[in-house]
Each structure stands twice: as C-alpha cells, then as structure tokens.
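# Coordinate analysis (summary)
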Amino acid sequence: MITIAENIYSVGIVDKDVRIFHGYFTPIGTTYNSFLVIDEKVTLIDFVKEKFTDDFLKNIEEILQGKTIDYIICNHVEPDHSGALPGVMEKYPHAMIYGTANCEKGLKAYYPHAKYDFTVVKSGDSLNTGKFNFKFIPMPMVHWPDSMSTYLEEEKILFSNDAFGQHTGTGEIFDTEKGLDKFIDRAADYYANIVLPFGIQVAKLIQAVSGFEIKTICPSHGVIVTKYIPEIVQKYISWSKNETDDQRVLIVYDTMWGTTKNWRCNWKQNMRLRDSLLKL
C-alpha cells in the first residue's frame, strides 16, 4: 500500500520489463499509475494496462476491504491507461465514469461490450465526493484529443495524465528518491518522444493550471512529483517554446566498422593531425 496523502493511495502497477513503448526504447521500464481516493464516496483515478488487471484489482481490494468504488475518473483512453476497465467494471458495476466527450467515444470504441454509466465533463466542471472536490481540466492533444487532467482542491494534487510523466520502472515512488538529474532526464526523454509536437497545447495546459496551488503532481507514468515541481514546470515551459541551448551541438552519426566513432571520440587529436598535414 502506497500512501500519497491521508486517504489517497497509489494502486498502479510497475512494469519493469517493457522495453518498447509507443515505438521507442524504454530501458528501465515504466509504471501505469492509478490512484484511489477514499471519502464519503470512493473515487478511482485511471486504470492500468489490461495484462495487469488481476494485480490491479488486488491492490484496490487491499485498501477497500469490501467497500465499493462510486466514481471513476478517466483522464485518458489509451489502453495503457484504460485497459483494465472491463475487469474493474465487472467487479464494481455501479461505478460512474467521468471524462471528456472524446473519452466517452474512445472507451466505446475500445470496449464496446463493457457496461458502465458515463458522465461527460468539460472545463470548469467539478465532482464532490464528501470533503473532496475534483476539478476537471481538459487538455486536448497533450497528447490525444480526449486527454484531461484532474485537480483535487483540498490536497492540492494535480493528477496530470501524460503531462510531466516519465518512463521509469525501477521502483522509486517519489521524485525525491529519483534525484533531480535522473528525474529531469527521464522527463525530457518522455517529453521528446510523446509530447514534443504539441508545444502549443502544453503552453495552454500550463496556463490553465497556473492559478492552482499545486503541492503534488501525480502523472500517469513515472514517479510522483513533490519536491521538483518548479523545475519540471519551468522545463515544460522551455520545451513547449522549443528553446535550445546555443552552447551545445548534437552530432548524429552512424559507424559500421567503428572508425567514425573513433574519429569522433578523438576529435581533438584528429584536429591536430589535420593541422599538421596542412602544413606539409
């Protein structure tokens, strides 16, 4: 059981073995994050990949101890986020799902035989579960049309979906365990491969949440962010503007027999050799 705050738990899955995700290399795996919020009404935020449904349900039941789920917030329909939906709905058939209009369309397309009630939400809508209030923040094309973040007012938690995510499946739960450099490195790799084409939409998301006080960011993949929120937000602002470092140059090369690699690694020595030859 992983506690994020009082009555708020992480119930997701670590997939340390996945090596290809959305077509790019994930050398240290990933996580499929899901969160359970206990109040007068119980709320589940997102699902996990279908193959992990049984373990996911065990994680949930460990906390609920026979209670039921009243509400499900679906921030994104991609199967790595929603794959366990049929299994969850079979066990908790009376749960109401909340998501965007495009989310509803996507879930019907992916899971045509699953039975559930769906409430469409839009920007500014909220859900009260007792002492907690959830605010919905649609963020279309970060990185799918259905995408949405959810903000828990009382605990100042942003459930950020694919924003601020990282593919890291090495067991750390919080950014403080990862360390700033490794955390930013994983976040940068994730942004470059998942979010990069959508800089305008990222800027809109940053603007949309700028009025909220955020103490914790819970993304759908990777570690939970508590300490390095200013750093990752500033990075997202910079990345969304496609800002570059004019003191660095990227050299891309291929080397069949190793000669090009050796030349690149010894470029200072090669420059001296070139200069000597030019004097002959």
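Structure: above.
Residues numbered from 1 in each chain as written. Predicted model: local features only at pLDDT ≥ 70, side-chain atom pairs only at ≥ 80, totals over all residues. Heavy atoms only, no water.

## Here we look at the sheet that holds strand β16 (residues 216-219)
To summarise the sheet geometry, strands pair through backbone hydrogen bonds and adopt either a parallel or an antiparallel arrangement. The test is simple: Following DSSP output, two strands are said to pair if at least two bridges run between them. The helix and strand labels rest on DSSP assignments: H or I over at least four residues marks a helix, E over at least two residues marks a strand, and numbering proceeds from the N terminus. With axes taken as lines fitted to C-alpha atoms, and helix axes fitted only over the stretch in contact, angles between N-to-C directions fall between 0 and 180 degrees.
In space, the five strands of this open sheet follow the order β12-β13-β14-β15-β16, with mixed pairing throughout. Here the strands that pair on one side only, and so sit at the sheet edges, are β12 (126-128) and β16. For this sheet, the mean angle separating the axes of adjacent strands, direction not counted, is 20°.

## Describing the pairing of strand β1 (residues 2-5)
For β1 and strand β2 (residues 8-10), the ladder comprises three bridges, and the chain directions are antiparallel. Paired with A5 across the two strands is I8, which belongs to β2.

## Description of the layout of surface pockets
Put simply, the test is: Here a cavity means grid points, on a 1 Å grid over the protein atoms only, where a 1.4 Å probe fits yet cannot get out; a pocket means an open set of points with protein on both sides within 12 Å along at least five of seven lines; lining residues are those with an atom within 4 Å of a point. Grid points are joined across faces, edges and corners, and a volume is the space filled by probe spheres set on the points. Following the grouping adopted for this structure description, the nonpolar residues are Ala, Val, Leu, Ile, Met, Phe, Trp, Tyr, Cys and Pro, the charged ones are Asp, Glu, Lys and Arg, and the polar ones are all others, Gly among them.
By volume, the largest pocket is sized at about 350 Å³. For the largest pocket, the full set of lining residues is K235, S238, W239, E243, T244, D245, R248, V249 and L250. Split into classes, the residues belonging to the lining of the largest pocket amount to three nonpolar, two polar and four charged. Of the pockets and cavities examined, the second largest pocket occupies roughly 260 Å³. Counting residues per element, the ones that place at least two in the lining of the second largest pocket are β3 (13-15) and α1 (53-64). Here the element with the most residues in the lining of the second largest pocket is α1; it accounts for three residues. Residues of the lining of the second largest pocket, tallied by class, amount to ten nonpolar, six polar and two charged.

## With respect to the pattern of salt bridges
The line we're drawing: Only one rule defines a salt bridge in this text: a Lys or Arg side-chain nitrogen within 4 Å of an Asp or Glu carboxyl oxygen. Three exposure classes are used, based on accessible area relative to the maximum for each residue type with a 1.4 Å probe and protein chains only: buried under 20%, partly exposed in between, and exposed over 50%.
Inspection of every chain in the model, using the stated rule, returns six salt bridges. A salt bridge links K135 to E153; the shortest N-O distance between them is 3.9 Å. Residue K135 is located in strand β13 (residues 133-138), and its partner E153 is located in the loop between β14 (148-152) and β15 (157-161); the two are separated by 18 residues in the primary sequence. Relative accessible area serves as the criterion here: at 25%, K135 is assigned to the partly exposed category. For D185, the salt bridge is made with R186, and the minimal N-O distance between the two is 3.9 Å. Its relative accessible area of 46% is what places D185 among the partly exposed residues. On the basis of relative accessible area, R186 is assigned to the buried category, the value being 11%. By sharing partners, the salt bridges in this structure join D185, R186 and D189 into a single network.

## Structural notes on helix α8 (residues 229-240)
Count 3.6 residues to each turn of an α-helix, and residues three or four apart come out pointing the same way. This is how it is decided: A helix is expected to reach a length of 1.5 Å times the quantity of its residues less one. When checking whether two residues touch, look at their non-hydrogen atoms; a contact exists if any pair is within 4.5 Å.
The end-to-end C-alpha distance of α8 is 16 Å, a good match for the 16 Å that twelve residues give at a rise of 1.5 Å each. For α8, every residue scored as buried is listed here: I229, I232, Y236, S238, W239 and S240. The inward-facing, buried residues of α8 abut α6 (180-195), α7 (199-209) and β16. Following α8 by one or two positions, N242 adopts a phi angle in the positive range, close to 55°.

## Side note on the sheet that holds strand β8 (residues 43-45)
The strand order β1-β2-β7-β8-β9-β10-β11 describes an open sheet built from seven strands, whose pairing is mixed. Across the chains shown, the open sheet's two edge strands, defined by having one partner strand only, are β1 and β11 (117-120). In this sheet, neighbouring strand axes are inclined to one another by 25° on average, regardless of whether the strands run parallel or antiparallel. In this fold α1 packs onto β2, β7 (35-37) and β8, with an angle of close to 20° to the strand it touches most, β7. Sheet contacts for helix α4 (residues 101-110): β10 (96-99) and β11; angle to β11, the most-contacted strand, approximately 155°.

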